[in-house]
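Coordinates in review
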Amino acid sequence: MTTPAPPSRSLSELRALTPARVGLGRAGASMPTDALLAFTLDHARARDAVHAAFDGARLVAELSGLGLRALQVSSQARNRRDYLRRPDLGRMLDPASQRVLSENGGSTNQLVIVIGDGLSPSAVNAHAVELVRTLSSRLADAGISIGQTVVASGARVALGDEIGAVLGARMVVLLIGERPGLSAPDSLGAYLTFAPRIGLSDAERNCVSNVHGAGLSYDEAAFKIAWLVREGLARQITGVALKDESGGGSAPRIAKTSAGCDKSET
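Presented here is a report on the structure given in the accompanying data block. Within every chain, residues take consecutive numbers counted from 1 along the sequence as written. Under the rules for a predicted model, residues below a pLDDT of 70 receive no local features and side-chain atom pairs below 80 are neither given nor counted, while totals for whole chains, interfaces and linings still include all residues. Water and hydrogen atoms play no part in the side-chain values, which are based on all heavy atoms of the structure.

1. Concerning the overall build of the protein
- Counting its regular elements, the protein contains nine helices and seven strands.
- The globule rule used for comparison is 2.2 Å times the number of residues to the exponent 0.38, while the radius of gyration itself is calculated over C-alpha atoms. In terms of overall dimensions, the protein is globule-like: its C-alpha atoms have a radius of gyration of 20 Å, near the 18 Å expected for 266 residues.
- Taken over the C-alpha atoms alone, the protein extends approximately 75 × 40 × 35 Å along its principal axes.
- The buried label applies to any residue whose accessible area, calculated with a 1.4 Å probe on protein chains only, is under 20% of its type's maximum; exposed applies above 50%, and partly exposed to all values in between. Evaluated residue by residue, the protein yields a buried proportion of 44% over its 266 residues.
- Only the protein chains shown count as cover for residues, with accessible areas throughout obtained via the Shrake-Rupley method and a probe of 1.4 Å. Carbon and sulfur atoms provide 52% of the accessible area of the protein, an area that totals close to 12800 Å².
- The positive count covers Lys and Arg only, the negative count covers Asp and Glu only, and His and the chain ends enter neither. By convention, the point assigned to a charge is CZ for Arg, NZ for Lys, CD for Glu and CG for Asp. Across the protein, the mean location of the 29 positive side-chain charges is 3 Å away from that of the 26 negative side-chain charges. Each helix is a run of H or I in the DSSP string that is no shorter than four residues. Each strand is a run of E no shorter than two, and both are numbered from the N terminus.

Put into structure tokens, the structure is as follows:
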């Protein structure tokens, strides 16, 4: 019998490379107390992120400070309980919001940005405005103007399709809180859709995910999003037909079709 070669790295070195729970050790048949307490704390943070209050009014005010006029809308999910139990309600605008958007539709918008609470309002409260600030600069350099900005509560990813369709958007970028994980309760994702309309599948979207303090920076995310917006508008496609060729070394991990971005339920 061949003796296995010793590992090239110690467990402590491996733990330094990832936030994943590896090599936790044990106390009898259980985890050590400190590992169990750390898991319990991270689980509580993830649950709190799901149920955090969405500060839509503050987002509108801060977007105004960037020179962007934002409209506030809601899905048909009347409360967080409905939102979590009825994903379909989060994909449809309520009648009052449809009227608000219809009144502000008018001419075709080249690009509409939607900010939705998603499964982590904490992520949106923390990161959305700063990402928009960085993205606006990159879009301006590319000669792309933001036609409308919308703040949506009770939002699932597909709500951006209806919002974009009502506003006559050539493309919609939806910034939304991703499903909280034990290592990242405040991760933000961006979903891009060319020619948005009700009934599109996830294969027709692109996604840039994991925007948070220990993940993708605002500048890195804005670079990827701006490239996908520019190329999507030029080629008139998004989704599986639009591959990330921006030159980023970690492109396969952070820019993909939404079928691979499973942290946000559509």
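Picking up after the structure, the text goes on.
2. Considerations on helix α7 (residues 159–166)
- Counting buried residues in α7 gives six out of eight residues, a clear majority hidden from the surface.
- Among the residues of α7, those classed as buried are Leu159, Gly160, Asp161, Glu162, Ile163 and Gly164.
- Looking one or two residues past α7, Gly168 carries a phi angle of roughly 70 degrees, positive in sign.

3. Quick notes on the environment of Gly215
- The residue Gly215 is located in the loop between β6 (205–211) and α8 (218–235) in this model.
- Gly215 sits 27 residues away from Leu188 along the chain, and the two C-alpha atoms are 9.7 Å apart.
- Discounting chain neighbours no more than four positions away, the residues touching Gly215 are Asn210 and Glu220. Between two residues, a contact is recorded if the distance between any of their heavy atoms is within 4.5 Å.

4. Some remarks on unusual backbone geometry
- In this structure, Ala195 takes a positive phi of about 50 degrees despite not being glycine.
- Tracing the backbone shows Ala195 in the loop between β5 (188–194) and β6.
- Judged by relative accessible area, Ala195 falls into the partly exposed class, the value being 30%.
- With a phi angle near 60 degrees, Gln236 is a residue other than glycine that sits in the positive phi range.
- With respect to the helices and strands, the residue Gln236 is situated in the loop between α8 and α9 (251–254).

5. Considering the pattern of salt bridges
- A side-chain nitrogen of Lys or Arg and a carboxyl oxygen of Asp or Glu constitute a salt bridge if their distance falls within 4 Å. Under the defined criterion, the tally for this structure stands at 16 salt bridges.
- Here Asp42 ties to Arg45 by a salt bridge, and the two come within 3.6 Å at their closest N and O atoms. In this pair, Asp42 and Arg45 are both assigned in helix α2 (residues 33–51), three residues apart and thus about one turn of the helix distant.
- Between Asp88 and Arg86 there is a salt bridge, with the nearest N and O atoms lying 2.7 Å from each other.
- Asp88 gets classed as partly exposed once you look at its relative accessible area, which sits at 29%.
- On the basis of relative accessibility, which here comes to 41%, the residue Arg86 falls in the partly exposed class.
- Put simply, Arg230, Glu231, Arg235 and Glu245 are held in one network by salt bridges that share partners.

6. Details of the pairing of β6
- Across the seven residues that make up β6, a large majority, seven, are buried.
- Here, strands pair whenever DSSP counts at least two bridges between them. In the sheet, β5 pairs with β6 via five bridges, with the strands oriented antiparallel. Residue pairing for β6: Thr193 is matched across the bridge by Arg205.

7. Here we look at the nonpolar core
- Among buried residues, the Ala, Val, Leu, Ile, Met, Phe, Trp, Tyr and Cys ones that are joined through side-chain atoms within 4.5 Å form a nonpolar core. Ranked by internal contacts, the top residues of the largest apolar core, which has 37 residues, are Leu111, Ile115, Leu139, Val173, Ile225 and Val229.
- Counting residues per element, the ones that place at least two in this core are α3 (56–65), β2 (109–118), α6 (121–141), β4 (169–177), β5, β6 and α8.
- For this core, the element with the most residues is α8, which contributes eight residues.
- Excluding its chain neighbours within four sequence positions, the residues that come into contact with Ile115 are Phe54, Leu59, Leu63, Val124, Ala128, Val132, Val150, Val151, Ala152 and Leu175.
- Among the nonpolar cores identified, the runner-up in size contains 19 residues, and Val73, Leu101, Ile163 and Ile176 belong to it.

Remember that the coordinates give geometry; whether it matters functionally is a separate question.
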